[in-house]
Amino acid sequence: HERLSAAVRAQNWMVPPLMVEAVCRWVEGEEADKLISWQTLEQSVRQGMARERLSKYFPTGCSHGNNLWLPLPDGVRASALTATLEQRNVRITGAEPFCVGSEPAPQAVRLSLGAASSRKVLAKALDIIHDTLQEPRSLTWRPL
């Protein structure tokens, strides 16, 4: 029992050796460079799609990165946009989880461009985001 417990602890405190071997072979082979090039190109295309469709809102992010920050227009609440888009089957993240300290989070959202299964799916989601932002009355905070 003690030897088995020690073996289980050892396996849980490190990456499994078989996984390490597989990754090493992948990185040392020719496929790694091809996959990195493909992913960099794909993310650049997706960034371009998002920046073009949402240019009115001045999105920011790395030109070949997976994520894009979208500052929201005055009066639009990130929580309201997130909730409205959730109802329309588009999931985004507000800035709050990425903030530290006691300063209030900016009214901005993060779009994960790599989450869409295809460019077509991403284009549809970007259209929904764009169209939703055109309805500012539904996205502003109003007192009860």
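Since this is a predicted model, take the numbers as computed values, not measurements.

1. Quick word on the overall build of the protein
Along its length, the protein carries 5 helices and 3 strands. Its helices and strands in sequence order give the protein the pattern α-α-α-β-α-β-β-α, from N to C terminus. Here the protein has a C-alpha radius of gyration of 21 Å; the compact-globule value for 144 residues is 15 Å, and the former is much larger. Counting only residues that meet the buried cut, the protein has 26% of its 144 residues in that class. Contacts in the protein between residues at least 24 apart in sequence constitute 60% of all its contacts with a sequence separation of at least 6. Accessible surface computed for the protein: about 10300 Å², of which carbon and sulfur atoms make up 59%. Placing the 17 positive and 15 negative side-chain charges of the protein at their respective mean positions leaves the two points 7 Å apart.

2. Topic: the packing of helix H3 (residues 31-53) against helix H5 (residues 119-133)
Running from amino to carboxyl end, H3 crosses H5 at an angle of 25°, the nearest separation of the two axes being 10 Å. Judged by the inter-axis angle, H3 sits roughly parallel to H5. In the packing of H3 onto H5, the handedness of the crossing is right-handed. Mapping the contact onto sequence places Glu42, Val45, Arg46, Met49, Ala50 and Arg53 in H3 and Arg119, Leu122, Ala123, Leu126, Asp127, His130 and Asp131 in H5.

3. Comments concerning the pairing of strand S1 (residues 67-71)
Across the two faces of S1 the burial differs, with Leu68 and Leu70 buried and Asn67, Trp69 and Pro71 not buried at all. Examined bridge by bridge, S1 and strand S3 (residues 108-112) share 5 bridges and lie antiparallel to one another. When the bridges of S3 are listed, proline 71 appears paired with alanine 108.

What counts and how
Residues numbered from 1 in each chain as written. Predicted model: local features only at pLDDT ≥ 70, side-chain atom pairs only at ≥ 80, totals over all residues. Heavy atoms only, no water. Helix = DSSP H or I, 4+ residues; strand = E, 2+ residues; numbered from the N terminus. Rg over C-alpha atoms; globule rule 2.2 N^0.38 Å. Buried < 20%, exposed > 50% of the residue type's maximum accessible area, 1.4 Å probe, protein only. Contact = heavy atoms within 4.5 Å. Areas by Shrake-Rupley, 256 points an atom, 1.4 Å probe, with all protein chains shown as cover. Lys, Arg positive; Asp, Glu negative; His and termini not counted. Charge placed at Lys NZ, Arg CZ, Asp CG, Glu CD. Axes fitted to C-alpha atoms, helices over the stretch in contact; angles between N-to-C directions. Parallel < 35°, antiparallel > 145°, perpendicular 65-115°, else oblique. Left-handed = near helix turned anticlockwise from the far one by under 90°. Pairing = 2+ DSSP bridges.

Geometric values such as these leave the question of function open.
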